[in-house]
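# Secondary and tertiary structure notes
Chain by chain, the residues:
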Amino acid sequence: MDRHTTMSGTPAVAATAGLGEWVSRLDLAAVPAAVVDRLGLVVLDVVGVAAVGARTADQTALRRAWTAPTGPAPLFGTGERAPIDTAAWLNAVAMACLELDEGNKYAKGHPAVHGFPAVLALAAERDSSGDDTAAALLAAYEVAARFGRATGLRAGAHPHGNWGVAGAAAGCARLLGLGPEACAAAVDTGAGMPIAGHFDSATTGNPVRDAWLGAANTSGLAAARMASAGVARNTGTAGLSLGALLGEFDPHELTAGLGTRWDITAGYFKRHASCSFTHPAADAMFELADGRPIAEVQVETHRLGAGLSGVDWDNRLSAMFSTPFVVAAAALDGAVGPQTYAAGRLNDPGLRELARRVTVVAADDLTARLPAERATRVTVRYADGDTRIAEVPNPVGDADHRPFGRAAVTDLLRRWLGDDDLLDRLALFSREFASLPRVGDALRGLAGVPAGPAPGGGCPTGSAVDGAAPDGAAPEKEE
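### Focus: the environment of Arg-444
- Summarising the element assignment, Arg-444 is placed in helix α20 (residues 440-444).
- Within the local environment of Arg-444, its side chain forms a polar contact with the backbone oxygen of Pro-72, the two atoms lying 3.0 Å apart.

Written out as structure tokens, the structure is:
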């Protein structure tokens, strides 16, 4: 019997049971202050970028097509409220649509967006206490990150909507006040509802890739409700769904360092609106682009990012997953922000011509530095014959490389959102929500007032971020 079997007493069952007990007993008072502070910063980031995304033309059209009745949960940045399942779905999709939300290299993806929309919608409906809400969010992140560590997806599989569902289930179960066995059953049920999406859906620009996150959040809500009703069980099903079907699964990762290692402190914040694998190349181009004409660019990267080499983008999403596009935009514009994807810029002949002179290759020495470093080396040959090289160990904003603090994240959001009133309200909420007696009204205040999209490609108002850093192939891919 191997480690992926799910009979009673096997590692998958025992590890899930251990997680369930930890989730049910998670007490914010026992969490280190630095971890609680980081949680508030992640809330600031992901709710802020959800508000930015919600104001794009496509997300505005999506809300109109949903025709949902009003409800207790906010649709961030829209001036609207909705029932909790609708809010969880729409906020998750808006959070991811501009490739700006926080991520974690050790989880190999984005733990927060998989569960925070569901937890926040449920907290708004229940008018939960601040400490319960914070504990639920932390449970959602930590459980999702651990499932991300434990899961090795098959070549070509995209990480959205599969390992992260367990985190959404954990957070919602904690907010419902479920006991250890019920929390474990919720987590296991969530792990049994993965999306099997292909990474090429992202590189070819199919927005279904964002919808997988909406599904993850609503599935997490469903899993917690099933556990609350007593109809969910912990059979270690993650070993089957995430292991046997979608790749490999190591249940020992679920409880390694549980309660002492906080994965939320090891994440990254994004200053570029693009897949995180493209970020080090953009950061390097900010160093190398000096106004001289460029003859060619070679981007050497790890094996996970080497497949993002397409030059035939035809919409925003496919451009966000093109390293040549991102490198060319960084060189020509000194920025890769939401405004970069205005329709005119996507089709600019000069940008496309430069992008065709960017080659992306895998380098064994950079692959060997995974997962602690997602390094990239960029070589630029200028038209005058000069050559310069820059190497970046991780994206700027990673916890291990020029990390962003509250001031930097706030500055980025201020530029992208262009709504100081909403941002100030969100900044205050992110600092103080854990100490509030009830969070419902404060969360509904983050709906803000209606704001239409900016003209020109459906990007939100606010200027693109400049190149200065603020202070403070498809196999086995993640973003």
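### What to know about the pairing of strand β5 (residues 294-301)
- As paired strands, β5 and strand β7 (residues 376-382) are joined by seven bridges and run antiparallel to one another. What sits directly across from Val-297, in β7, is Val-380.

### Some remarks on the packing of helix α1 (residues 11-25) against helix α6 (residues 130-150)
- Running from N to C, α1 and α6 cross one another at 165 degrees; their axes reach a closest spacing of 10 Å. By the criterion of interaxial angle, the relationship of α1 to α6 is roughly antiparallel. α1 and α6 meet at a crossing whose hand is right-handed. Facing α1, whose interface residues are Leu-19, Trp-22 and Val-23, α6 presents Ala-139, Glu-142, Val-143, Arg-146 and Phe-147.

### Focus: helix α11 (residues 238-245)
- Of all the residues in α11, the buried ones are Ala-238, Gly-239, Ser-241, Leu-242 and Gly-243.
- If you follow the buried residues of α11, they end up packed against α6, β3 (151-153), α8 (180-191) and β4 (247-249).
- Directly beyond the C-terminal end of α11, a positive phi value near 160 degrees is found at Gly-247.

### Details of the environment of Thr-133
- Within the element layout of this structure, Thr-133 appears in helix α6.
- A C-alpha to C-alpha distance of 28 Å links Thr-133 and Thr-67, two positions 66 residues apart in sequence.
- Excluding its chain neighbours within four sequence positions, the residues that come into contact with Thr-133 are Val-119, Leu-120, Ala-123, Ser-128, Leu-175, Phe-433 and Val-439.
- Engagement of the side chain of Thr-133 in a polar contact is seen with the backbone oxygen of Ser-129, the distance being 2.8 Å.

### Topic: the environment of Ile-195
- Note that Ile-195 resides in the loop between α8 and α9 (200-203).
- With 35 residues separating them in the primary sequence, Ile-195 and His-160 have C-alpha atoms 7.5 Å apart.

### Regarding the sheet that holds β5
- Strand order in the open sheet made by the four strands is β6-β5-β7-β8, with mixed pairing throughout. Lying at the two open borders of the sheet, with one neighbouring strand each, are β6 (358-362) and β8 (387-392). Taken over all neighbouring pairs, the strand axes of this sheet differ in orientation by 15 degrees on average, direction set aside.
- Sheet strands touched by helix α12 (residues 279-288): β5, β7 and β8. Its angle to β8, the strand with the most contacts, is close to 140 degrees.

### Examining the pattern of salt bridges
- Counted by the stated rule, this structure contains 33 salt bridges.
- Residue Arg-381 is joined to Glu-296 by a salt bridge in which the shortest nitrogen-to-oxygen separation is 3.0 Å. Residue Arg-381 is found in strand β7, and its partner Glu-296 is found in strand β5; the two are separated by 85 residues along the sequence.
- For Asp-421, the salt bridge is made with Arg-425, and the minimal N-O distance between the two is 2.2 Å. A residue pair is termed a helical-turn pair when its members lie 3 or 4 positions apart in one helix, as Asp-421 and Arg-425 do in helix α19 (residues 420-432) at four residues.

### What to know about the packing of aromatic side chains
- In the structure shown here, the tally under the stated rule is eight aromatic pairs.
- Ring plane angle 25 degrees and centroid distance 5.4 Å describe the contact between Phe-325 and Tyr-341, whose orientation is recorded as stacked. Of the two residues, Phe-325 sits in helix α14 (residues 323-333) while Tyr-341 sits in the loop between α14 and α15 (343-346), which places them 16 residues apart along the sequence. Assigned by exposure class, Phe-325 and Tyr-341 land together as buried.

### Let's talk about the packing of helix α3 (residues 57-66) against helix α4 (residues 84-96)
- The contact between α3 and α4 brings their axes to 11 Å, and the two run at 165 degrees. One finds that α3 runs roughly antiparallel with respect to α4. As for how α3 packs across α4, the hand of that crossing is right-handed. Counted together, Gln-59, Leu-62, Arg-63 and Trp-66 of α3 and Thr-86, Trp-89, Leu-90, Val-93 and Ala-94 of α4 form the full contact between these two elements.
- Its residues assigned to classes, the contact of α3 with α4 shows six nonpolar, two polar and one charged.

Criteria and thresholds
Residues numbered from 1 in each chain as written. Predicted model: local features only at pLDDT ≥ 70, side-chain atom pairs only at ≥ 80, totals over all residues. Heavy atoms only, no water. Helix = DSSP H or I, 4+ residues; strand = E, 2+ residues; numbered from the N terminus. Polar contact = N/O pair within 3.5 Å; in protein donor to acceptor, adjacent residues only side chain to side chain. Pairing = 2+ DSSP bridges. Axes fitted to C-alpha atoms, helices over the stretch in contact; angles between N-to-C directions. Parallel < 35°, antiparallel > 145°, perpendicular 65-115°, else oblique. Left-handed = near helix turned anticlockwise from the far one by under 90°. Contact = heavy atoms within 4.5 Å. Buried < 20%, exposed > 50% of the residue type's maximum accessible area, 1.4 Å probe, protein only. Salt bridge = Lys/Arg side-chain N within 4 Å of Asp/Glu carboxyl O. Phe/Tyr/Trp six-rings, centres within 6.5 Å; stacked < 30°, edge-to-face > 60°. Nonpolar A, V, L, I, M, F, W, Y, C, P; charged D, E, K, R; others polar.

Everything listed is a geometric property; what it means functionally is a separate question.
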